[in-house]
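Observations on the model geometry
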Amino acid sequence: MNHRHKASTLVTNSDMSARALKRLERQRLEKELSATPEGLVDNDDEEEEEYEEPAKPKINAFALLNDQDESEDDGSDLDKPEPPKEEIEPATLPTKSAKKLKKKKAKKKAVKKDVDDYSDDEFDRILQEVKQKDEMSHEGLPAADFKLLDAYDFEEELDLMTEPQDVYDSNFKYFTTKRLKESLPLLSIGSAANLDQDNEYKILFGNLSMDAIDDANASTALAISPEVLQQFKRLARLTRGWGGKDRRGVPGTTRKLLLSKIRDDWLPTTLKPMNMEEIRPEDYVKFLDYKEEEVSLEELQMKVQSEAELGVKYFQFSKINDIKERVANTRFYASVVMTPDPESLMQLLQQYPYHVETLLQVAMVLLRQGDNKATSNALVERALFAFDRTFHKNFHELLSLASNGLVRLPYERFMNRQFHLCLFRYIVALGERSTFYTALTYCKLLLSLNPAEDPLGVRYFIDFYAIMSEEFKYLVQFTESPLVKTYTKWLTPGLAFSTVLAHLKLDQTDKAREALRHAFGHHPYTAFRLYQLIGLGSDLPFKDSSFNVSTEVLIATETYLVRCGVMWNDQGHRQFLHDELQKLFVGWKPEKSKTTSSSLFGLLGFSSGSENEEVPFNLLRFAILSGENRIIAKLPQKLLSRNDLFEYDLVPPNQSTDQPMVLGMLQQTSKIVDHLIDYVDQNLLGSIIQNRTAEEQDFDEILRGIEQQNVND
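A brief report on the enclosed structure follows. (Residues numbered from 1 in each chain as written. Predicted model: local features only at pLDDT ≥ 70, side-chain atom pairs only at ≥ 80, totals over all residues. Heavy atoms only, no water.)

Nonpolar side chains in soluble globular proteins tend to be buried together. Ranked by size, the top nonpolar core spans 151 residues in total, and within it Leu259, Phe419, Tyr442 and Trp568 carry the most contacts. Here the element with the most residues in this core is helix α19 (residues 414-432); it accounts for 10 residues. Residues contacting Trp568, with those up to four places away along its chain left out, are Phe497, Val500, Leu501, Leu504, Ile534, Tyr560, His573, Arg574 and Leu577. Of all hydrophobic cores here, the second largest spans eight residues; its members include Trp242, Leu257, Ile262 and Trp266. (Core = buried A, V, L, I, M, F, W, Y, C linked by side-chain atoms within 4.5 Å. Buried < 20%, exposed > 50% of the residue type's maximum accessible area, 1.4 Å probe, protein only. Helix = DSSP H or I, 4+ residues; strand = E, 2+ residues; numbered from the N terminus. Contact = heavy atoms within 4.5 Å.)

Spelled out as structure tokens, the structure:
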């Protein structure tokens, strides 16, 4: 009676918030009882299997709920251990299956017990014992090896929200594990063979011989003499495991290359240009927590745990920590950031033929200066090979099984960003070769590495490759999936209006009309521009200046318009677009754009200073990497004058808590976001800059001497 009197006193003195908290604790306990944690069941099984003689049973918090008339005196229960006859027989020991069946029956009976019938003290005691046992079961285990039983699963509530979200949050929490699971078939590459452009050549041009395919891929990265080429071939024969008959052999491993084939002009070597490690789930939580504002650490742990149970794995590329690599990084940084010098980059490439940053940068230099697309694309392919041969065995296995939707490469790591950039460049190169299906496959791969953040804006051009490769059903399914419907901005102008075209290609006119109304509602300005460009109409009662749109809308619209002419090449489809848009514009008036500000921009330090000037990072990166002048022209000057718009690392993530780096040393291991400067030797960098400055001064003195001599003459 003392316990009940004390419990009633506590209830009388508590306020409404305490009652609410108690009610939530009761509900959670009921859920735990009905869930039957596997860990507790397994422990009980082990204890019963080691049964010797009936002894004093241990107190079980769940057993307290089995009997309605159980005494409240804990000591009396311990003094009179009487195990039920149905559980322990003196003559024979029950089998494991029989014991499990009886346990299930006992637990079902216990769940039927109404927890509210117990006093507050009893309930608190039960709850405390459950927590203690839970903590004991967690002790000494990594965070990824147990489920956070006392954390609220916020994803269950988010799964009930079907309306797209207007504003991005820090970790895209609305793209839950359940929605990811629904999207896995659309992220899958289907087969590793789809990553080989040679297979598409065979489909397009018939069963070509390997000699014909090799001739098509015979463009060398740099002009080399026949003598050097023969030396490379002899060295390839001496390098064990290099190439092989299928040109996919990797030295030091039995695995095959998945993304590339070895070319004759590539220097054979057994040394890997970088490393790749798997990130433990408990460590990956740090990549989410450093930028989080709303979701707690416990909830992030639960989210990562849910993804891990689905099969998601996390990886990162990393640089090799040796003097040779640091020298290459330092010389590259000096030639690109400090004093741009293309000639120095070319020399660096000859000395370090597999330095990824140099390969990608020289490829862009050749493309801009000489419009040498063949050589530029060959360098990109060599950079892709550098990553390909470095794949972790688990990464390689998932990619081989087309389970790339379960692979994550956090964009915070510098070398991961280089891999994203390399895939983007390669997709563009595949498009220029008209291998659109292979390009679409690489779009799936690039998006799957980080489907929520989509750091390079795959959603702004995946529709183009889907239409050009005649994957119309895939595009419709993609647009109707959580990959597009979770956030409003994920329905890009390209996805919205290309879906209309996909329905028309499938002879689904009614669905095309419905999709057009949906696209018009989300992107009226794009519809207006499309009506002028594709529908060839100019009879609307308002003009371009009538729209008050944000910079984001202007750029996003141009990303679609720059390619739409190639897709809308059927006169009947153009007429459909003209007639239907004309109907939709009847009685419609432009409205002032509603711009919402996301805390994500301020968190990562990106804002142009005006409420209508915020641009998502992936759209900004895509606009610059596309190389389309029409898209870049839409960018405000303030955005183009940022100090982090380097081609090798466009607008990297920003971690405000970065610790200062010791001169000449690599980045701190505690840093989440790393940059190229973290891998540069500061002393060597200072020497390079000093030498170049001295050379420029000597050259200037020579020029002045020549000019003075001309004056005297």
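On we go.
Before going further, it helps to examine empty space enclosed by the protein. Under the criterion given, the structure shown has nine cavities of 30 Å³ or more. One number sums up the size of the largest cavity: a volume of about 290 Å³. Lining the largest cavity are 21 residues, with Asn171, Tyr284, Leu288, Asn450 and Ala452 positioned closest to its centre. Listing elements by their share of the lining of the largest cavity, those giving two or more residues are α8 (177-187), α12 (281-289) and α13 (297-310). Sort the elements by how many residues they give to the lining of the largest cavity and α12 lands first, with three residues. Residue composition of the lining of the largest cavity, by class: 11 nonpolar, four polar and six charged. (1 Å grid on protein atoms, 1.4 Å probe; cavity = no way out; pocket = protein on both sides within 12 Å on 5 of 7 lines; lining within 4 Å. Points joined across faces, edges and corners; volume = space filled by probe spheres on them. Nonpolar A, V, L, I, M, F, W, Y, C, P; charged D, E, K, R; others polar.)

Moving on to the sheet that holds strand β1 (residues 275-279). The strand order across the open sheet built from three strands is β1-β2-β3, with neighbouring strands paired in mixed fashion. The open sheet has two free edges, formed respectively by β1 and β3 (407-408), since each of these has just one partner strand. Relative to β3, strand β2 (residues 313-318) is paired through two bridges, and the arrangement is parallel. In the sheet register, Tyr314 faces β3, and the bridge partner there is Arg408. Where helix α18 (residues 393-400) meets the sheet, its contacts fall on β1, β2 and β3, and the angle it forms with β2 comes to roughly 120°. (Pairing = 2+ DSSP bridges. Axes fitted to C-alpha atoms, helices over the stretch in contact; angles between N-to-C directions.)

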